[in-house]
Amino acid sequence: LARLGTVRLHFGGEVSSAAVSPDGAILIAAGRVCAGKTGKELPQFKGKNLSGTALFADDMKTVSIGQRSRIQRWELATGTLVEETKWMAIGHDHGTVFTPELKHVAIIESDNKTGEYTTRVLATTSGKTVWQRNAAFGVAISTEGKKLAFMDRDKMAVLWDLEKDRELLRWK
């Protein structure tokens, strides 16, 4: 259930991520792309499952990532897939976040065999891993895209400098 203004949106299941366009006109949640004011699914996206985290670019294109080990960029006006990048997944996707300029995406995965969690930062154009740590949960990227915050196995919050690949701060 999501609530925007006076519109109630029922998705009939778990909603693990959602995104709203800067102007509030579009909501992406539970694999559906809806008009923000009415909650009605946009016809150009009907039947296209866009599950995962989304970020609206300045040119009003949306980038979404799902549990299918891929990043997709869709044109909002037509519902056309513009670009897709795939990478080798190590397990189930538990959360993603994009850097503001859309150059990188941080993804939390659990290994299907061991259950261990790993956080990786991937280049969105190539899908290549540029940073990785085991046992990292709950990820956020700073607005300038240079710092990463996450929780480690010891339940300590960590602030990491992605450019210098070093820990800046750790607290409980």
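Residues numbered from 1 in each chain as written. Predicted model: local features only at pLDDT ≥ 70, side-chain atom pairs only at ≥ 80, totals over all residues. Heavy atoms only, no water.

### Some remarks on the environment of Ser 126
How we decide: Helix and strand definitions here come from DSSP, where helices need a minimum of 4 consecutive H or I residues and strands a minimum of 2 consecutive E residues; each element is numbered from the N-terminal end. Accessible area is worked out with a 1.4 Å probe on protein chains only. A residue is then buried under 20% of its type maximum, exposed over 50%, and partly exposed in between. Polar contact is defined as a pair of N or O atoms within 3.5 Å, subject to the rule that within protein one atom must be able to donate a hydrogen and the other to accept it, and that residues adjacent in sequence are counted only when both atoms are side-chain atoms.
If you trace the backbone, Ser 126 turns up in the loop between strand E12 (117-123) and strand E13 (129-134). Here Ser 126 falls in the partly exposed class, since its relative accessible area comes to 37%. As for Ser 126 and Lys 86, which are separated by 40 residues in sequence, their C-alpha atoms are 7.8 Å apart. In terms of polar contacts, Ser 126 uses its side chain to reach the backbone amide nitrogen of Lys 128, at 3.1 Å.

### With respect to the sheet that holds strand E3 (residues 18-20)
Where we set the bar: By the convention used here, strands pair only if DSSP detects at least 2 bridges between them. Only the stretch in contact is used when a helix axis is fitted, and all axes are lines through C-alpha atoms; the angle between N-to-C directions ranges over 0 to 180 degrees.
Ordered in space as E3-E4-E5, the three strands form an open sheet in which the pairing is antiparallel. Of all the strands in the sheet, just E3 and strand E5 (32-35) have a single pairing partner and so form its edges. Here the strands of the sheet are splayed against their neighbours by 15° on average, with no regard to which way each runs. Two elements, strand E4 (residues 26-29) and E5, share four bridges in a ladder whose sense is antiparallel. For Ile 28, the partnering residue across the bridge sits in E5 and is Val 33.

### Let's talk about a nonpolar patch on the surface
Worth spelling out the cut-off: Residues enter patches when they are more than 30% accessible in relative terms and free of salt bridges; like-charged ones are connected within 9 Å and nonpolar ones (Val, Leu, Ile, Met, Phe, Trp, Tyr) within 5 Å. In this description, accessible areas are obtained by the Shrake-Rupley approach with a 1.4 Å probe, and a residue is regarded as covered only by the protein chains that are shown. One speaks of a salt bridge when a side-chain nitrogen belonging to Lys or Arg is within 4 Å of a carboxyl oxygen belonging to Asp or Glu.
There is a patch of nonpolar side chains on the surface, built from Leu 168, Leu 169 and Trp 171 and spanning about 260 Å² of accessible area. One can find Leu 169 in strand E17 (residues 166-171). A residue is classified by how much of its surface remains accessible, and Leu 169, at 43% relative accessible area, is partly exposed.

### Quick notes on the nonpolar core
Operational definition: Here, nonpolar core means buried Ala, Val, Leu, Ile, Met, Phe, Trp, Tyr and Cys residues that are tied together by side-chain atoms lying within 4.5 Å of each other. In what follows, a contact means two residues having at least one pair of non-hydrogen atoms within 4.5 Å.
Judged by nonpolar contacts, Val 97, Ala 106, Ile 108, Val 121, Trp 131, Val 139, Ile 141, Leu 148, Phe 150, Val 158 and Trp 160 together constitute the single largest core of 11 residues. Ignoring any residue separated from it by four or fewer positions in sequence, one finds Trp 131 in contact with Thr 119, Arg 120, Val 121, Leu 148, Phe 150, Trp 160, Leu 162 and Asp 165. Core analysis: the next-biggest nonpolar cluster, separate from the first, contains eight residues, Leu 42, Phe 45, Trp 74 and Leu 76 among them.

### Regarding the environment of Glu 109
With respect to the helices and strands, Glu 109 occurs in strand E11 (residues 104-111). Note on Glu 109: relative accessible area 1%, which makes it buried. Placed 13 residues apart in sequence, Glu 109 and Thr 96 show a C-alpha to C-alpha distance of 9.2 Å.

### A short note on the pattern of salt bridges
Side-chain pairs of opposite charge can arise where the charged atoms are in close proximity. Across all of its chains, the model carries four salt bridges by this definition. The partner of Asp 152 in a salt bridge is Arg 170, and the shortest N-O contact between them spans 2.3 Å. Pair noted here: Asp 152 is in strand E15 (residues 147-152) and Arg 170 is in strand E17, with a separation of 18 residues, a long-range link. The class of Asp 152 is buried, set by a relative accessible area of 10%. Classification of Arg 170 as partly exposed rests on a relative accessible area of 36%. For the salt bridge of Glu 167 with Arg 170, the shortest nitrogen-to-oxygen distance reads 2.9 Å. For Glu 167, a relative accessible area of 34% corresponds to the partly exposed category.

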